[in-house]
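Secondary and tertiary structure notes
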Amino acid sequence: MERVTFWYGCNVLRHGDIIHACLDILRAVGFDASPVGGPDYCCGTVKDANQIAAGGMATRTVGKLNDRGARVVAWCPSCHSHMHDFMEKGNERRFDMSYMVELLHGNRDKLSPLLVHRVPMRVMLHRHVGFNDLVPVNRLMPELLGCIPGIEVVDAGYVAPGYMCASFGGLPTALQDMHTNTVRAAEACGAQALVTTFHQCFREMVGLDAAGALPVYNYIQLIAQSMGLPYEDEYKNWKRAPEAAKEMIGAERMAKVGVQFYERAILPELKKRPTIS
C-alpha cells in the first residue's frame, strides 16, 4: 500500500464533507493517505502581493512536505498550480505530486467496483479554459464521472474563462455572466445538474442551487454517494438557509472558527445569490 500525503490546503472551513470523502476514497482504492493542511501548510498564494511573506510560507510548506517523504496528492487547484508556478522555483521539491482528479482517473480500475449505488442523473461538467495545461481535467473528468452507474455526462460546449470561479470574486459582472451562461448551457443540453471539478467553483456555483436555478454538486460528492459514504453537504444547507447557518454550525464549532470571522467572511458569501440575466 503506497503511503501518500493528502494536502488539502488551508481553506477547510466550508467543505469538510468533501475532504473526509476524499480520504475515504483514497484509502478504499489502496492508498495509505494521511491529511495535512491548515495555516501551517498554506501554499502562500493568499500573500501574492507580499512576495517576502509568500516566499516564506512556500519555503515552510515545501520543507514540511519534503520531511513527510511521501507522494503528495493535492486537492486544491490553487495549491497544485502554485507549487509548480512559484513554490518549487525557489525551493527544492523532493516529493512526487499528483492532483486528486488525475490520481483517481489513473486508478479507475480500482475505483469502479466500489461504485455500487446508481446515481441516475444527466450532468454537465463545469469547465474552465485554464489549469488544463497542468492537468487535463476537462478531458479526465467526463471519463471519471462515467464510472458512476447512472451518470450521463452531457456537454453544451460552454467553457468558462480563467481556471476557477474564485479568481473572479472581485469581478461580480464576470461571475454574473458565468452564472447566466452556465444555466443557459445546462438548459441547452438537457442537464439535470452541474458538476464542478474544483471546490472553489462549487462554492461560487452552488448559489445556483440555493436559488433554485440548477442543482450543483462537486464530483467527489457524487463518487461518495455512489460508494455509499454517509457525508452531508453542510455548506449547501448553510447556503440555502443563511440566517439559520450559525445554529446549524453549532456553538462548539463556531467557537473554534470565531464568531467575528464567521460574520465577516462566511456569512456574507452564504447570503450572496447569483443574478441570472
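Everything discussed here concerns the structure shown above.
Now for a description of the structure that goes with this document. The model shown is predicted, which means the values in this text are computed figures rather than measured ones.

Once that is clear, we can look at the side chain of Asn-66. As for its placement among the helices and strands, Asn-66 is situated in helix α2 (residues 51–68). A polar contact of 2.8 Å, which involves the side chain of Asn-66, links it to the backbone oxygen of Glu-92.

In the contact formed by helix α6 (residues 137–145) and helix α9 (residues 219–227), the axes pass within 11 Å of each other and the chain directions differ by 20°. As the angle between them shows, α6 and α9 are arranged roughly parallel. You can see that α6 and α9 cross each other, and the crossing is left-handed. Where α6 approaches α9, its residues Met-141, Leu-144 and Leu-145 are matched on the opposing element by Tyr-219, Leu-222 and Ile-223.

The next subject is the sheet that holds strand β1 (residues 2–9). The parallel open sheet is built from four strands, whose spatial order is β2-β1-β3-β4. This sheet does not close on itself; its edge strands, each paired only once, are β2 (31–37) and β4 (97–99). Sheet twist, expressed as the mean angle between neighbouring strand axes with direction ignored, is 30°. Relative to β4, strand β3 (residues 71–74) runs parallel, the two being bridged by three bridges.

Okay, the environment of Tyr-217 next. Mapped onto the secondary structure, Tyr-217 falls in strand β8 (residues 216–218). A C-alpha to C-alpha distance of 9.2 Å links Tyr-217 and Asp-233, two positions 16 residues apart in sequence. Non-local contacts of Tyr-217, meaning those with residues more than four positions away in its chain, are made with Met-121, Ala-193, Leu-194, Val-195, Thr-196, Phe-202, Leu-222 and Lys-236.

So, on to the sheet that holds strand β6 (residues 151–154). Taking strand neighbours across the sheet as the criterion, the four strands line up as β6-β5-β7-β8 in an open arrangement whose pairing is parallel. One side of each edge strand has no neighbouring strand; the edge strands of this open sheet are β6 and β8. Recorded for the sheet is a direction-independent mean angle of 40° between the axes of neighbouring strands. On top of the sheet, helix α8 (residues 199–210) reaches β5 (121–126), β7 (193–196) and β8; it is set at about 160° to β8, its chief contact. Contacting β5, β6, β7 and β8, α9 runs over the sheet at an angle of about 80° to β8.

Mapped onto the secondary structure, Val-257 falls in helix α12 (residues 251–257). Overall, the relative accessible area of 28% leaves Val-257 in the partly exposed class. Sequence spacing of Val-257 and Thr-197 is 60 residues, and the spatial spacing of their C-alpha atoms is 26 Å. Beyond its immediate stretch of four places on either side in the chain, Val-257 contacts Leu-13 and Ile-266.

Summarising the sheet, β5 and β6 pair through four bridges and their orientation is parallel. Paired with Val-123 across the strands is Val-153, a residue of β6. This β-α-β element, β5 to α6 to β6, shows right-handed connectivity.

It is worth spelling out the nonpolar core at this point. Ranked by internal contacts, the top residues of the largest apolar core, which has 92 residues, are Phe-6, Trp-7, Met-100, Leu-145, Tyr-219, Ile-220 and Ile-223. Discounting residues that sit within four places of it in the chain, Ile-220 has contacts with Ile-18, Ala-21, Cys-22, Ile-25, Met-100 and Leu-104.

This brings us to the packing of aromatic side chains. Across all of its chains, the model carries five aromatic pairs by this definition. Measuring from centroid to centroid gives 5.2 Å for Tyr-99 and Phe-131, while their planes differ by 65°, and the two rings are edge-to-face. Taken together, the positions of Tyr-99 in strand β4 and Phe-131 in the loop between β5 and α6 put the pair 32 residues apart, joining distant regions of the chain. The same class applies to Tyr-99 as to Phe-131, namely buried. On the numbers, 5.1 Å between centres and 80° between planes, the contact of Phe-131 with Phe-198 is edge-to-face.

Of all nine residues in helix α3 (residues 77–85), eight are buried; the element is thus mostly enclosed. Among all positions of α3, only Pro-77, Ser-78, Cys-79, His-80, Ser-81, His-82, Met-83 and His-84 are buried. The inward-facing, buried residues of α3 contact β1, α2, β3, β4, α4 (100–106) and α8.

About the cut-offs
- Residues numbered from 1 in each chain as written.
- Predicted model: local features only at pLDDT ≥ 70, side-chain atom pairs only at ≥ 80, totals over all residues.
- Heavy atoms only, no water.
- Helix = DSSP H or I, 4+ residues; strand = E, 2+ residues; numbered from the N terminus.
- Polar contact = N/O pair within 3.5 Å; in protein donor to acceptor, adjacent residues only side chain to side chain.
- Axes fitted to C-alpha atoms, helices over the stretch in contact; angles between N-to-C directions.
- Parallel < 35°, antiparallel > 145°, perpendicular 65-115°, else oblique.
- Left-handed = near helix turned anticlockwise from the far one by under 90°.
- Contact = heavy atoms within 4.5 Å.
- Pairing = 2+ DSSP bridges.
- Buried < 20%, exposed > 50% of the residue type's maximum accessible area, 1.4 Å probe, protein only.
- Right-handed = clockwise from strand over helix to strand, strands pointing away.
- Core = buried A, V, L, I, M, F, W, Y, C linked by side-chain atoms within 4.5 Å.
- Phe/Tyr/Trp six-rings, centres within 6.5 Å; stacked < 30°, edge-to-face > 60°.

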